[in-house]
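One letter stands for each residue in the lines below.
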Amino acid sequence: MHIFYENKDERFSCFKSININFPLHFHRSTELLYVKGGSIHVTIQNSTKLLTYGDIAIVFPDMVHSYHTEEESEIYLIIFN
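Residues numbered from 1 in each chain as written. Predicted model: local features only at pLDDT ≥ 70, side-chain atom pairs only at ≥ 80, totals over all residues. Heavy atoms only, no water.

## Quick notes on the overall build of the protein
If you tally the helices and strands in the protein, you get 0 helices and 8 strands. Radius of gyration (C-alpha) of the protein: 12 Å, near the 12 Å computed for a compact globule of 81 residues. Taking the principal axes of the C-alpha coordinates as reference, the protein spans close to 30 × 30 × 15 Å. Nonlocal contacts in the protein, meaning residues at least 24 apart in sequence, comprise 64% of its contacts between residues at least 6 apart. Here the protein has roughly 5200 Å² of accessible surface; of this, 53% comes from carbon and sulfur atoms. Counting 6 positive and 10 negative side-chain charges, the protein places the averaged centre of each group 7 Å from the other. (Helix = DSSP H or I, 4+ residues; strand = E, 2+ residues; numbered from the N terminus. Rg over C-alpha atoms; globule rule 2.2 N^0.38 Å. Contact = heavy atoms within 4.5 Å. Areas by Shrake-Rupley, 256 points an atom, 1.4 Å probe, with all protein chains shown as cover. Lys, Arg positive; Asp, Glu negative; His and termini not counted. Charge placed at Lys NZ, Arg CZ, Asp CG, Glu CD.)

## Quick look at the nonpolar core
By size, the foremost hydrophobic cluster in this structure holds 12 residues: Ile20, Leu33, Val35, Ile40, Val42, Ile44, Leu51, Ala57, Val59, Tyr67, Ile75 and Leu77. The set of elements that each furnish at least two residues to this core consists of β4 (30-44), β6 (56-59) and β8 (73-80). Top element by residues in this core is β4. It accounts for 5 residues. Beyond its immediate stretch of four places on either side in the chain, Ala57 contacts Glu31, Leu32, Leu33, Val42 and Leu51. (Core = buried A, V, L, I, M, F, W, Y, C linked by side-chain atoms within 4.5 Å. Buried < 20%, exposed > 50% of the residue type's maximum accessible area, 1.4 Å probe, protein only.)

See below:
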């Protein structure tokens, strides 16, 4: 299992993502994820949860996390310091 540090220069970003798959990583920012459609597996530290429409996840700074879509997902991500 490879975990990488993602160096983020932006102080704030907000974007929509379709069918995201993103490997284990961590960074100094806080990350807020909202599921708009479909479902997505979210791993934070050593816990994986399946999130569906209307669910929210928050990832605090320096927490290892990843995203995995099996079928389809539509999410909004807000990343901020």
